[in-house]
Structures are given as structure tokens and as C-alpha cells.
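Structural features, examined
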Amino acid sequence: MPTNILVIGASGQIGTELTLKLRELHGNAAVIASDIREGSEELMSSGPFEIANAMDFDAIEKLVGHYNIEVVYLMAAMLSATGEKVPMKAWALNMDSLFNVLNLAKDKKIKKVFWPSSIAVFGPSTPKEQTPQTTVMEPTTVYGISKQTGERWCSYYHKKYGVDVRSIRYPGIISYKTLPGGGTTDYAVEIFHEAMQNGKYTSFLSEETELPMMFMDDAIKATIDIMDAPSEAIKVRSSYNLSAMSFTPKILAEEVKRHLPEFEMNYEPDFRQDIADTWPSSIDDAEARADWNWSHNFNISELTDAMFTGIKSQLV
Ligand code: AKB
């Protein structure tokens, strides 16, 4: 019997590619995608898909029972920029969905949980360069507060109830298959689409704003690697720092110019600048590398090449 897996929030930026990768690894029928909205054609046609609200405990419990689910990846969340517009909704979605899944694991209805945290758990009082795994955390966004709180609850459920929950703090994730929605790092995805369609882009972050970033393939690799690691290797049960590269909008614009020499970049920082200013510029992920052998494959040039190739293949 294959292990049946449920991906909640499967239609989103990371959920889409994670589901497709899990289907490649475990077989299409074993990976159930669910979301509150429909996803891409590839996601919907490659295996089971169920409309479900991550905040609805009964709906999630029903899916778990119906498909004999053992492992849940909870990818549904409201991100940093959108969360600031509707703080209470962001809090409700991010926390209720987590408790639903943690409680199913506590009651032994599922065996293993993946839940993503984010660099948004850090705040202005956190050391900005090579931010350590354990450090000051005073997030200023509702998204960051929900992720920091979620980390504490993951750790609590592991210690108190033996729940096998694993988590990583994603940096900005860059991909071409599904657009991100409502994040502060989204400029690093938008720039490629705008460059290829219009030859120019106006960044909502200033040219010197340095943030930690990662190509989607590495984010998926990390997610699968941490879930495949033996339980005793996972020593951090809140969430692991994870790092691949850091860059500014100006540096990324230079990379885009390698492919499109005429590309024009402008800067009009908006409210997202205030969020970015509170986040680290680089991350120390030594513990993830030591505990479960994390390593990344893509640097900024490889990421840029992959984005151009990927978007071009979608345009034909
Ligand atoms: C966001 O910008 O909100 C996300 C994140 C860093 O978690 N991409």
C-alpha cells in the first residue's frame, strides 16, 4: 500500500509544484491535492483534486478518512503583504488551518505533518546578516506573528503529544509555473514576466533591499528532504532556517540584462518596503545542513537562466 498524502493549499505557488513532484515520486493516485479554489490544468488533471477549506476541520478530517491519508503538507496561508490588509483574516487562516492539522496528528489520524514557516518570523531587532537559527524574534507583520506563533505550537505538539511535525523557514521563493500571491518577495518573480513581456519593470522595493531568496526546485527539494529524513535527525521541531542566496532588486536587474540588454528597471517603493526593511538580508542555515544534509543547487545566475527558459516554454 503506498502512503497516501494530502496537500492542503495545492493550487498556490509552492503547493502546485510540490504536488506535481510528490505525484512523480509516489504515483498520481497517492497524492490528493486540495484547495479552496481550482488550480492549474496540470495540477487538476494529473491526480485527485478536492475543493476544501483549510479552516474547516470537518472537511479536512473527512478527506483524511476518505483517502486514508497518512501525511499532510499544509501549504495554505495568507502571505505578508495581503495579511497587512486583512489582519484578522490572515490570523484566522494561518492559525486555524495549523491547529486543524496538528489536532488530527495528535489524535493519530495522520502520522506526519509538514508546515512551512518563513523568514517573516524575524523582525527589526533580529541580527540582519547571517541570521542565526536561534535569535531575537519580534516580527512586525501579522503573517510573521502567525508563523512565529505556529512554530511555538509545532514545537509544543511535538514535545507534549509526540506529533511528527517538520518545518522550514522559507525565504522568497522564485518560480515560473504558478505566480505567488501577496508576498513582499513577489517582485523577484514579477520582474521576469514583465521583462519578457514589456522589457521593463517597476520594483516595489528599493534597489538596495537585500533579501534571502531561493529557486523553487531547491525549495521543493528541501521540503521533500526534511520529510524523508529519519525522525531522530530532526532536532529542531519549531522550524529550520534555510538559505540559498541573497540579492537586491538592482543585482537581479543586472542578471535580467544578461538575457535582455535593453531591459529597464525603475523603483517605486510602497508599503512592502516597510516590511522588507524588518527582514534579514541573509540567513545562517548551518543546522539544516548538519541535521538533515540540506544543500542547495541554484545560485542567482542559474535561477535567472531557469526562469527565462521556463517562462519562454510557457509562451510557445
Ligand atoms: C512573503 O513575501 O510574504 C513570502 C515569505 C518570505 O514568506 N514570500
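Residues numbered from 1 in each chain as written. Predicted model: local features only at pLDDT ≥ 70, side-chain atom pairs only at ≥ 80, totals over all residues. Heavy atoms only, no water.

1. What about the overall build of the protein chain?
For the record, the criterion: Secondary structure counts use DSSP, requiring at least four H or I residues in a row for a helix and at least two E residues in a row for a strand, with both numbered from the N terminus. Atoms considered for the radius of gyration are the C-alpha atoms alone. The globule rule reads 2.2 Å times the number of residues to the power 0.38. Throughout, the Shrake-Rupley method with a 1.4 Å probe supplies accessible areas, and for residues the shown protein chains are the sole cover considered.
Secondary structure summary: the protein chain contains 12 helices and 14 strands in total. A compact globule built from 316 residues should have a C-alpha radius of gyration of about 20 Å, and the protein chain, at 19 Å, falls within 12% of that. Accessible surface, the protein chain: about 13300 Å² in total, of which carbon and sulfur atoms supply 51%.

2. Considering the confidence of the model for the protein chain
Filter applied, for reference: pLDDT gives the predictor's per-residue confidence on a scale running from 0 to 100.
Mean pLDDT for the protein chain: 97, with 100% of residues reaching 70 or above. Scoring of the predicted complex yields 0.97 for pTM and 0.99 for ipTM.

3. Structural notes on unusual backbone geometry
One non-glycine residue, Gln130, lies in positive phi territory at about 45°. Within the secondary structure, Gln130 sits in the loop between β6 (117-118) and α6 (142-161). The phi torsion at Asn293 lies on the positive side, around 60°, for a residue other than glycine. If you trace the backbone, Asn293 turns up in the loop between α11 (286-292) and α12 (300-315).

4. Focus on the site of the ligand
The line we're drawing: Working definition: residue near molecule or strand if any one of its non-hydrogen atoms lies within 4 Å of it. Any N or O atom pair separated by 3.5 Å or less is treated as a polar contact, with the protein-specific requirement of one donor-capable and one acceptor-capable atom, and with residues adjacent in sequence counted only for side-chain atom pairs. Ten residue types, Ala, Val, Leu, Ile, Met, Phe, Trp, Tyr, Cys and Pro, are classed as nonpolar, four, Asp, Glu, Lys and Arg, as charged, and the remainder, Gly among them, as polar.
The environment of the ligand is formed by Leu79, Ser80, Ser118, Ile119, Tyr143, Gly183, Thr184, Thr185 and Trp279. Ser118 has a polar side-chain atom sitting 2.7 Å from an oxygen atom of the ligand. For the ligand, an oxygen atom lies 2.7 Å from a polar atom in the backbone of Thr184. Protein chains shield 93% of the accessible area of the ligand, which is 250 Å² for the free molecule. Of the residues in the shell around the ligand, the class split is 4 nonpolar, 5 polar and no charged.

5. Describing the layout of surface pockets
Condition: Here a cavity means grid points, on a 1 Å grid over the protein atoms only, where a 1.4 Å probe fits yet cannot get out; a pocket means an open set of points with protein on both sides within 12 Å along at least five of seven lines; lining residues are those with an atom within 4 Å of a point. Grid points are joined across faces, edges and corners, and a volume is the space filled by probe spheres set on the points.
Estimated volume of the largest pocket: approximately 820 Å³. Residue lining of the largest pocket: 42 residues in total, with Met75, Ala77, Met78, Leu79 and Gly181 positioned closest to the centre. Looking at the lining of the largest pocket, the element that brings in the most residues is helix α1 (residues 13-26), giving 3 residues. As a volume, the second largest pocket reaches approximately 260 Å³. Forming the boundary of the second largest pocket are 15 residues, of which Glu17, Lys21, Met216, Asp217 and Ile220 lie nearest the centre.

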